[in-house]
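A structural walkthrough
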Amino acid sequence: MKKYIYIILFLFFVIYPSSFAFENTELIEIPTADVLMRADYNMNFHFWPEGGLLFQGAIGVLDRLMMGVSYGAGNVIGEGDPLWNPDAKIKIKFKIFEVTGFIPSFAIGYNSQGYGNYNKTDKRFARKSKGFFAVASRELPIWEPLRLHAGMNRSLEDDDGYTNENYFFGIDYTINPAIMIIADYDQRVNDEVKSGKNEGTLNAGFRWIVGLELSFEFDFLNILENDLLKMERMAKISYVGTF
């Protein structure tokens, strides 16, 4: 009897549509052109290898403007002292226009939060923050469950001398209202590649929206094992609400 109850609960959460509109403001490590609506808020926790933990919170200030703050550390879970980030990071994003005909939605913003551990000597994250960015997003006209995202950015973590503009791309595919497949690719042309071969960073994962306000995400990072670094796994828990 219990197994049938578990099956029913699983089908309810996976198939039953969520009545709360989850704005897909970011994929794994890149922004989208979506923003939180006014008075909506989002809180999430990232868990990455080596005991890393990152908290991010954001709020919709206006219907087209959102702002957020983040703070984290490496080695929070495990032995030894946590590797705290030097300060809290901020992000702000403004949507300039919505999708119109063949024109995608478009947003600009700034995000000083990078990914992975922070290196105090080099004054940067393992994967640089986006800094100033511009991004466009839209559904594929012939296949609406699939959305495409593309953008460019200029990170301010440039003490290493790599000041190039960078480019990133992403997709999300909605299987049903509760399950989304996501992937993003960062060219990392603004970053040092010690191995001499830069293939960019490819990430992929899935997001499970449970009930009205909660979502769980599991991601594979650096699938191409760029710069001879191993692929990593990351988990994220998000909560979305409104005032």
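Residues numbered from 1 in each chain as written. Predicted model: local features only at pLDDT ≥ 70, side-chain atom pairs only at ≥ 80, totals over all residues. Heavy atoms only, no water.

Comments concerning the pattern of salt bridges
Counting across every chain of the model gives 14 salt bridges. Between Asp172 and Arg147 there is a salt bridge, with the nearest N and O atoms lying 3.6 Å from each other. Highlighted residues: Asp172 in strand E11 (residues 166-176) and Arg147 in strand E10 (residues 143-154), separated in sequence by 25 residues. Each member of the pair, Asp172 together with Arg147, is buried. For Arg207, the salt bridge goes to Glu217, with nearest N and O atoms at 2.8 Å. Of this pair, Arg207 sits in strand E13 (residues 201-210) while Glu217 sits in strand E14 (residues 214-221); the two residues are ten residues apart in sequence, bridging distant segments of the chain. A residue is classified by how much of its surface remains accessible, and Glu217, at 5% relative accessible area, is buried. (Salt bridge = Lys/Arg side-chain N within 4 Å of Asp/Glu carboxyl O. Helix = DSSP H or I, 4+ residues; strand = E, 2+ residues; numbered from the N terminus. Buried < 20%, exposed > 50% of the residue type's maximum accessible area, 1.4 Å probe, protein only.)

Remarks on the environment of Val240
With respect to the helices and strands, the residue Val240 is situated in strand E15 (residues 232-242). C-alpha separation for the pair Val240 and Glu213, spaced 27 residues apart in sequence, amounts to 5.0 Å.

Quick look at the nonpolar core
If you look at the biggest cluster of nonpolar residues, it comprises 14 residues, and the most contacted ones within it are Ile28, Val135, Ile182 and Met234. Among the secondary structure elements, those contributing two or more residues to this core are strand E9 (131-140) and strand E12 (179-186). Setting aside chain neighbours within four positions, we find Val135 in contact with Pro31, Thr32, Ala33, Ser105, Phe106, Ala107, Ala150, Gly151 and Phe168. (Core = buried A, V, L, I, M, F, W, Y, C linked by side-chain atoms within 4.5 Å. Contact = heavy atoms within 4.5 Å.)

Some points on the packing of aromatic side chains
Evaluated as defined, the whole model comprises ten aromatic pairs. Arranged with centres 5.1 Å apart and planes meeting at 50 degrees, the rings of Trp143 and Tyr173 form a pair that is tilted. Of this pair, Trp143 sits in strand E10 while Tyr173 is found in strand E11, placing the two residues 30 residues apart along the sequence. Relative to Phe220, the ring of Phe218 lies with its centre 5.3 Å away and its plane at 85 degrees, an arrangement referred to as edge-to-face. Accessibility expressed as a relative area gives 30% for Phe218, which makes it partly exposed. Residue classification places Phe220 among the partly exposed positions, given a relative accessible area of 33%. (Phe/Tyr/Trp six-rings, centres within 6.5 Å; stacked < 30°, edge-to-face > 60°.)

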